[in-house]
Amino acid sequence: MSRHGDAELRAGKAPSQRQLRVGEELRHALAEILRRADFRDPDLQDLNVTVSEVRISPDLKNATAFVMPLGGGHPEQIKALNRVSAYLRSQVAKAMRLQHVPRLSFQVDVSFDYAQRIDQLLHRPDVQRDLDHVDGDHDDGGADAEDGADAERHDGP
């Protein structure tokens, strides 16, 4: 499943096998092209990004690459990638065998931030206390004070 709240998924349409396959091939091709980093644009001279996902339209004419700049956020790099998307498209055409190479656009991947936020929420003390309490309810002989009180009420003849 997608990590970015895709409009198609909300409408009940999952990406087709072809979309997924072409998107993954595009991701690999873009990662290799960006790894070589032979750009003239000064904003892309020290480019170091991860291409985490490429989502492609059902007609395979448009593709959105979700990238994460390593070493912190650099919004100028995303703008620069969108500026050189025609060049990148031509490089993808050389690297892949497609009848029509999709138009490329780039966006910052927010799934890493989302995962970090979920991790922070799960490690909050009040959530940990609730999780420990739920785990304690399933123990055989819990040492919790509340469990001990319950045990006294239920210890009858």
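Throughout this document, residue positions are counted from 1 along each chain, in the order its sequence is written. Where local features are concerned, this predicted model is filtered to residues with pLDDT of at least 70; where side-chain atom pairs are given and counted, the filter is 80 or more; whole-chain, interface and lining totals use all residues. Heavy atoms from the whole structure form the basis of all side-chain values; hydrogens and water molecules are not counted.

## A closer look at the overall build of the protein
Then, number 1: Think of it this way: any DSSP run of H or I at least four residues long counts as a helix, any run of E at least two long counts as a strand, and we number them from the N terminus. When you go through the protein residue by residue, the secondary structure sums to seven helices and three strands.
Then, number 2: Secondary structure elements in the protein, listed N-terminal to C-terminal, are α-α-β-β-α-α-β-α-α-α.
Then, number 3: Using a 1.4 Å probe on the protein chains alone, a residue whose accessible area is under 20% of its type maximum counts as buried, one over 50% counts as exposed, and one in between counts as partly exposed. A burial count over the protein gives 31% of its 157 residues as buried.
Then, number 4: Here a residue-residue contact requires only that any non-hydrogen atoms of the pair lie within 4.5 Å. Intrachain contacts of the protein at a sequence separation of at least 6 include 62% that bridge at least 24 residues.

## Digging into unusual backbone geometry
Then, number 1: The phi dihedral of L60 falls on the positive side, at around 65°, and the residue is not glycine.
Then, number 2: Position of L60 among the secondary structure elements: in the loop between strand 1 (49–56) and strand 2 (62–69).
Then, number 3: For L60, a relative accessible area of 15% gives the class buried.

## Here's the deal with the packing of aromatic side chains
Then, number 1: Note on aromatic contacts: the rings of Phe and Tyr and the six-membered ring of Trp form a pair at centre separations within 6.5 Å, being stacked when their planes are under 30 degrees apart, edge-to-face when over 60 apart, and tilted otherwise. Tallying each qualifying case throughout the model produces one aromatic pair.
Then, number 2: Seen in terms of ring centroids, F39 and Y87 are 6.2 Å apart; in terms of plane orientation they differ by 75°. Their pairing is edge-to-face. Of this pair, F39 sits in the loop between helix 2 (17–36) and strand 1 while Y87 sits in helix 4 (residues 85–95), and the two are 48 residues apart along the sequence.
Then, number 3: Classification of Y87 by relative accessible area gives partly exposed; the value is 32%.

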